[in-house]
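Chain residues, written in single-letter form:
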Amino acid sequence: MMAHTDAMAALKAGTVIPAHPLALDASRTFDRRRQRALTRYYLDAGAGGLAVGVHTTQFAIREAGLYEDVLGLAAETAAAWTDRDPVMVAGLAGATAQAAKEAETASSLGYHAGLLSLAAMKGNDHDAIIEHCEAVAERMPLVGFYLQPAVGGIHLDAAFWTRFASIPNVVAIKVAPFNRYRTLDVMRGVAEAGAQDRIALYTGNDDHIVLDLVTPFQVVVEGRPVTLRFVGGLLGHWSVWTKAAVSIFDRCRAEAGENAVTAELLALDARVTDCNSAFFDVANDFHGCIAGCHEVLRRQGLLEGTWCLDPEEGLSPGQSAEIDRVLRQHADLSDDAFVAANLERWLA
């Protein structure tokens, strides 16, 4: 695994970071073989990092006693599988004592940064939440996380993000409120903290991936325009069709870098969002968002089933038919052939 200084440089430069799912068997027991296969798939697909222990991995791994095992297997597999140096991001959750302990565990396993969920802080004022963030940041570099309320996030205004961006050990922010106004709040907060050159912005808005990656966000601070950009993505959507996602990311970066974003690329935003609507079960308020990604991976043979730790969590009525539809209409955005050619090797 790379030295922390190199990992931070890679994170800051921007890359593709899939949110790593959890592989379970029919008895809802951790399937280490298929978990390794997923990690190998993401690395071979060209992902520059992995986010493990995050929402897509299922927060319930903590109650199931799997947190250290799941993080450890991903780090071990990545180190053994590739000569490249993926950025390893660990999900951190819970109240301060738990999140700080998870940061220490992740750091001991070689993780470079922690993606801090604030869902457990719901009901606290900004002073308490900032104090919580500062305490965890003492344990490892932090990636902020604006999680959408539909899956447990809390509303955080621009003033909060100004204070958060002022914490010295914050290195990145995953912006995932699935809301354009709240996305702009993060941009304003980072700019008003003067932290736009220090903090890497990653889109987590799975409903607007392409547009986030090509849009220059302009904020006026003290009468002067400040331009911020997303440098990469840390996305549950990128846990599927990852090789194609890397190609889209590279294209977004190239066209945005030349200030020559084509109408064709802009049109691709709607197509990717349409796929996401099926995978994330938008019709049912995201109830099947994890199982939907599992279903895509199951159809490719990477997962055995769509099982989640919570037996009540699964595909919603009609979701499988929606996935059928987007697979037909957007087949060119998949990486089925790539997976089929390598699946046996990943499962070995």
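Now for a look at the structure at hand. (Residues numbered from 1 in each chain as written. Predicted model: local features only at pLDDT ≥ 70, side-chain atom pairs only at ≥ 80, totals over all residues. Heavy atoms only, no water.)

Some words on the packing of aromatic side chains
So, point 1. A complete count under the given rule lists 13 aromatic pairs for this structure.
So, point 2. An angle of 40° between the planes, with centres 6.4 Å apart, marks the rings of Tyr41 and Phe338 as tilted. Residue Tyr41 is found in helix H2 (residues 32-44), and its partner Phe338 is found in helix H13 (residues 336-347); the two are separated by 297 residues along the sequence. Each member of the pair, Tyr41 together with Phe338, is buried.
So, point 3. Note on Trp238 and Phe249: the rings are 6.3 Å apart at their centroids and 75° apart in plane angle, and the pair reads as edge-to-face. Highlighted residues: Trp238 in the loop between strand S10 (230-235) and helix H9 (242-257) and Phe249 in helix H9, separated in sequence by 11 residues. Taken individually, Trp238 and Phe249 each receive the classification buried, so the pair is uniform in this respect.
So, point 4. Three or more aromatic residues link up through ring pairs in this structure, and these residues are Tyr41, Tyr42, Phe338 and Trp346. (Phe/Tyr/Trp six-rings, centres within 6.5 Å; stacked < 30°, edge-to-face > 60°. Helix = DSSP H or I, 4+ residues; strand = E, 2+ residues; numbered from the N terminus. Buried < 20%, exposed > 50% of the residue type's maximum accessible area, 1.4 Å probe, protein only.)

Points about H9
So, point 1. End to end, H9 covers 22 Å across 16 residues, agreeing with the expected 22 Å (1.5 Å per residue, within 8%).
So, point 2. Of the positions making up H9, those classed as buried are Thr242, Ala244, Ala245, Val246, Ile248, Phe249, Cys252, Glu255 and Ala256.
So, point 3. Buried residues in H9 make contact with strand S1 (16-18), H2, helix H8 (209-214), S10 and helix H10 (263-279).
So, point 4. Where H9 terminates, the next one or two residues include Asn259, which has phi positive at roughly 50°. (Expected span 1.5 Å × (residues − 1). Contact = heavy atoms within 4.5 Å.)

A few points about the environment of Thr273
So, point 1. Here Thr273 shows up in helix H10.
So, point 2. C-alpha separation for the pair Thr273 and Leu116, spaced 157 residues apart in sequence, amounts to 25 Å.
So, point 3. Each residue touching Thr273, except ones within four places of it in the same chain, is listed here: Asp207 and His208.

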